[in-house]
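# A structural walkthrough
Below are the chains, spelled out letter by letter.
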There are 2 protein chains.
Amino acid sequence: MNIKFGKIVVALTLTFCGLSLSACAVTQRSGISAPLVIQEQGSFSVGGTVISEPGTFDPITQGAYNPAGVSPAGQTLHGDHASVFYQIPENARKFPLVFWHGHGQTAKTWETTPDGREGFQNIFLRERYGVYLIDQPRRGRAARSTEATTITATPDEQLWFGIFRLGAWPNFYEGVQFSKAPETLNQFFRQMAPNTGPYNAEVNVAAVSELFNKIGKGILVTHSQSGGPGWRTAIKNDNIRAIVSFEPGGDFLFPEGEAPESIKLAGRTVTPPTVLMADFMRLTKIPIIVFYGDNIPKQPSQNPGQEQWRVFLEVAKTWRDVVNRHGGDVTIVHLPEIGIHGNTHFLMSDLNNLEIADQMSRFLEKKGLN
Amino acid sequence: MNIKFGKIVVALTLTFCGLSLSACAVTQRSGISAPLVIQEQGSFSVGGTVISEPGTFDPITQGAYNPAGVSPAGQTLHGDHASVFYQIPENARKFPLVFWHGHGQTAKTWETTPDGREGFQNIFLRERYGVYLIDQPRRGRAARSTEATTITATPDEQLWFGIFRLGAWPNFYEGVQFSKAPETLNQFFRQMAPNTGPYNAEVNVAAVSELFNKIGKGILVTHSQSGGPGWRTAIKNDNIRAIVSFEPGGDFLFPEGEAPESIKLAGRTVTPPTVLMADFMRLTKIPIIVFYGDNIPKQPSQNPGQEQWRVFLEVAKTWRDVVNRHGGDVTIVHLPEIGIHGNTHFLMSDLNNLEIADQMSRFLEKKGLN
């Protein structure tokens, strides 16, 4: 009888976690890792196109693997799709989160952090959100491109160390939310991945819009380079019910006649793009929050790794004002201004990523999206 | 009271699944999908190397992103690692399964099947195995290569339709275990991914051996092109306690002086490689099972998509005899000979993949590895 009673107690405890993952999340945040209860998980390709070579394929004369090359007559290539891995927790919330990585990254951005802690994938599963992790077209597992490219093996990591605001090589910024253990930087650099075809924002928008056609309403979470195509995808597809954007680049979309002047940066000029007013107005219909981290100076800087973010943050503020003047709901959070310090460009995997996740959760709760 | 009693019954049911996933697997196999209970999941890079450009990096003059190119002086590139996603279920069995994809594939090989059913990732999680899914160096999310390459966008899918033994384009083989719904072929083609650097088996062996150094003892599961480097990894690392190989290519390792003659195939010559006897003997110390599917002819065929597998199966049988003569434990299962028909080169995602998984489970049980 005692043993039986004991079993029932264990069962109830497990059920509590099973039916209320937010309780489990709290447990995890205090250092005890509860299991994830996944109702469904899997992967698929979505969107993309097909190219064909004229002619007729003959399986006898063209059917041998030849390391020297392929005889393409009559053959096809399916490419330019996105590749998606998804997990739906038990008792999932209504809207899933669709995570879209930035430049030189893959879905890995949202998985385990470079120092080995849980990333946004697990954190938000514990908060009972369904999660969809994208490899955008011509990147990672979605590598088949309809256009050729050459991948150089050019050493460039010290450049990214600066642009990703870990520091100014070889020094980390003081108080940066990034572990200085050498293995962390090793993991961080190794999560980069090159384009396997020419970068094309329109190709990416098309594939991610197809994803929202497939899964229905959800919340888009962008990072860095996916910020710009993220706005365009929301214009194209009203299944996107909100956008959370981590450090988007400078390509905020303005209505014609309302864009700020072009800005000169070392090596390039940034011209904020414009769209038709009818398209722009779509962005006023959904709540949007934009986060920027630390070590973004207020005054122009000689350090290009900081200067580009100073400029992008300025454009972001101008854009917020334009969208909100047209009836929109854009919030910009510059984290140091609310007392959160040391964040790099990779806020979602920084040492304080649970605090960043909390900020995002509160936004979703406030907007009734949880 | 009644309501409370009901809750307790629900709790007990969940617990039964939680503590005994094999019972859940049985449920799933009869069509009712029980949740997966994941104790831990995450991802990391492993192995690889670092190349450096001479000079000193200056974050001011070299720190700007320039679409026209990178100034590499003093910079590094971390590449040639494997990228690994893992999931450990609650109450996991002793040895995890390490899944290594084949030519033109990624970890996706083991995930959702092209027709949308569960792949080996989920099937073996339900059997309480930990699973590690590899993207090998220079592929998928492990795309950073220390050597440059050009990726052509050459249409070649009708070639692979034949080599992967779905049929002889445009016809499927009769009774093939592959759904003829057009979306299935669309998904199948889109799971291909090109090399992002020159293919190098030694680079792959090094990274996968490092994975076994990191995770300890486990079972290696290879497919097609990873078969050859799989044998070499087992020679290098005795944490590999068994190998399950699905349709390995012709590069079985023989001791010097005991290899069969070179074989001519359309477009190339296959020469079974040899290794030192001391290395070869490592392969006699672990149980190995090799599976081949259907539509492999007994007599030489004009159809190269079939002929290469006829030759590889012949080499496989010769190799089995040599390993077993030296005291090894190699089993070759040609599935049609045990009454399992219609399998393509992708046995793990074929329509009867649960039956194939059962064959693999029985082997692991028989060898005391479960």
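Whatever comes next refers back to the structure up there.
Rules used throughout
Counting restarts for each chain: residues are numbered from 1 in the order of the written sequence. As they are written, the chains are lettered A onward and the ligands numbered 1 onward, keeping that order. The predicted origin of the model limits local features to residues at a pLDDT of at least 70 and limits the giving and counting of side-chain atom pairs to 80 or more, whereas totals for whole chains, interfaces and linings rest on all residues. For side-chain calculations, the full set of non-hydrogen atoms in the structure is used, while hydrogens and water are omitted. Only runs of H or I of at least four residues qualify as helices and only runs of E of at least two qualify as strands under DSSP, and these elements are numbered from the N terminus. Think of it in three bands: residues with accessible area under 20% of the maximum for their type are buried, residues over 50% are exposed, and the middle band is partly exposed, with areas taken using a 1.4 Å probe on protein chains only. The accessible surface values rely on the Shrake-Rupley method and a 1.4 Å probe; as for residues, cover is taken only from the protein chains in view. Here the positive residues are Lys and Arg and the negative ones are Asp and Glu; neither His nor the chain ends is included. Each charge is placed at NZ for Lys, CZ for Arg, CG for Asp and CD for Glu. To define a nonpolar core, start from buried Ala, Val, Leu, Ile, Met, Phe, Trp, Tyr and Cys residues and group those joined through side-chain atoms within 4.5 Å. Whether two residues touch is decided by their heavy atoms; if any such pair falls within 4.5 Å, the residues are in contact. The pairing test for Phe, Tyr and Trp rings, Trp by its six-membered ring, is centres within 6.5 Å, and the orientation test on the planes gives stacked under 30 degrees, edge-to-face over 60, and tilted for anything in between. Only lysine NZ and arginine CZ atoms are considered, and such an atom sits over a ring when it is within 6 Å of the ring centre and within 35 degrees of the ring normal. In this comparison the copies share one frame, found by least squares on the C-alpha atoms of residues holding pLDDT of at least 70 in both. By definition, the buried area sums, over both parts, the 1.4 Å-probe accessible area that each loses when the two are put together. In protein, a polar contact means a hydrogen-donor-capable atom and an acceptor-capable atom, both N or O and within 3.5 Å, with residues adjacent in sequence counting only if both atoms are side-chain atoms; elsewhere, any N or O pair within 3.5 Å suffices. Axis angles are defined between N-to-C directions and span 0 to 180 degrees, where every axis is a line fitted to C-alpha atoms and, for a helix, only to the segment in contact. Each angle receives one of four descriptions, namely roughly parallel if under 35 degrees, roughly antiparallel if over 145, roughly perpendicular if within 65 to 115, and oblique otherwise. In a left-handed crossing the near helix is turned counterclockwise from the far helix by less than a right angle, and in a right-handed crossing that turn is clockwise. Under the scheme applied, nonpolar residues are Ala, Val, Leu, Ile, Met, Phe, Trp, Tyr, Cys and Pro; charged residues are Asp, Glu, Lys and Arg; polar residues are all the others, including Gly. Strand pairing is assigned whenever DSSP detects at least two bridges linking the two strands. Look down the strands so they point away from you; if going from the first strand over the helix to the second traces a clockwise path, that crossover is right-handed.

### Description of the overall build of chain A
When helices and strands are counted, chain A shows ten helices and 17 strands. Evaluated residue by residue, chain A yields a buried proportion of 62% over its 370 residues. As presented, chain A carries roughly 13600 Å² of accessible surface, and 53% of it is formed by carbon and sulfur atoms. Charge-centre separation for chain A: the mean point of 33 positive side chains lies 6 Å from the mean point of 34 negative side chains.

### Some details on the nonpolar core
In terms of nonpolar packing, the biggest core is built from 181 residues, with Phe 120 and Phe 246 of chain A together with Phe 120 and Phe 246 of chain B touching the most fellow members. Apart from residues lying up to four places away in sequence, Phe 120 of chain A is in contact with Phe 99, Trp 110, Leu 125, Phe 246, Met 348, Asn 353, Ile 356, Ala 357 and Met 360 of chain A.

### What to know about the packing of aromatic side chains
The final tally for this structure, using the stated rule, is 48 aromatic pairs over all chains. Relative to Phe 188 of chain A, the ring of Phe 164 of chain A has its centre 6.0 Å away and its plane inclined at 85°; by these criteria the two rings are edge-to-face. Linking Phe 164 of chain A in the loop between helix H4 (157-163) and strand S8 (167-168) with Phe 188 of chain A in helix H5 (residues 182-190), this pair joins segments that are 24 residues apart in sequence. Each member of the pair, Phe 164 of chain A as well as Phe 188 of chain A, is classed as buried. Through successive ring pairs, a cluster of aromatic residues spans Tyr 65 of chain A together with Trp 160, Phe 161, Phe 164, Trp 169, Phe 172, Phe 178, Phe 188, Phe 189 and Phe 346 of chain B. Cation over ring: Lys 214 of chain A sits above Phe 44 of chain A, and NZ or CZ is 4.6 Å from the ring centre.

### Overview of the relation of the copies chain A and chain B
Under the fitted operation, chain A is carried onto chain B by 0.0 Å of movement along the axis and a turn of 180°, and the coordinates agree to an RMSD of 0.0 Å. Classification of the inter-copy transformation places it as that of a two-fold axis. Of the interface residues in chain A, 100% have counterparts in chain B that sit at the interface too, so the contact is made through matching surfaces.

### Details of the interface of chain A and chain B
Listed as interface residues are 92 residues of chain A and, on the opposing side, 92 residues of chain B. It is Tyr 65, Arg 141 and Arg 190 of chain A in chain A that bury the most area against chain B; as a group they hold 12% of the surface buried on that side. One can count 47 residue pairs in polar contact (both at pLDDT 80 or more) joining chain A with chain B. Considering each element in turn, the side of chain A that touches chain B owes the most residues, nine residues, to strand S1 (residues 36-46) of chain A.

### A short note on the packing of helix H6 (residues 201-215) of chain A against helix H7 (residues 227-236) of chain A
Residue and element names in this part refer to chain A. Direction vectors running N to C along H6 and H7 enclose 50°, while the axes themselves pass 9 Å from each other. Taken as axis vectors, H6 and H7 run oblique relative to one another. The crossing of H6 and H7 is right-handed. Across the interface between the two elements, Ala 201, Glu 202, Val 205, Ala 206, Val 208 and Ser 209 of H6 pack against Pro 229, Arg 232, Thr 233 and Lys 236 of H7. Looking at the contact of H6 with H7 residue by residue, the class counts come to five nonpolar, two polar and three charged.

### Re the environment of Ala 242 of chain B
All names here are of chain B. With respect to the element layout, Ala 242 can be found in strand S11 (residues 240-246). When its relative accessible area of 0% is taken as the criterion, Ala 242 is described as buried. Between the C-alpha atom of Ala 242 and that of Lys 217, which follows or precedes it by 25 residues, the distance is 9.5 Å.

### Observations regarding the pairing of strand S3 (residues 76-79) of chain A
All names here are of chain A. Covered by surrounding structure in S3 are Thr 76 and His 78 together with Leu 77 and Gly 79, the residues of both alternating faces. The sheet contact formed by strand S2 (residues 49-52) and S3 spans four bridges and is antiparallel. If you follow Ser 52 over to S3, its bridge partner there is Thr 76.

### Looking at the pairing of strand S10 (residues 218-223) of chain A
Residue and element names in this part refer to chain A. The element S10 is largely enclosed, with a buried count of six among its six residues. Pairing between strand S5 (residues 97-100) and S10: four bridges, direction parallel. Residue Val 98 lies in a different strand from S10, and its bridge partner there is Leu 220. Assessed by its sense of winding, the connection that carries the chain from S10 through H7 to strand S11 (residues 240-246) is right-handed.

### Let's talk about unusual backbone geometry
All names here are of chain A. The residue after Trp 169, namely Pro 170, is reached through a cis peptide bond having omega 5°. Phi is positive for Arg 138, which is not a glycine, with a value near 70°. With respect to the helices and strands, the residue Arg 138 is situated in the loop between strand S6 (131-135) and strand S7 (149-151). Phi at Asn 295 takes a positive value of approximately 60°, unusual for a residue other than glycine. Tracing the sequence through the fold places Asn 295 in the loop between strand S16 (287-292) and helix H9 (304-325).

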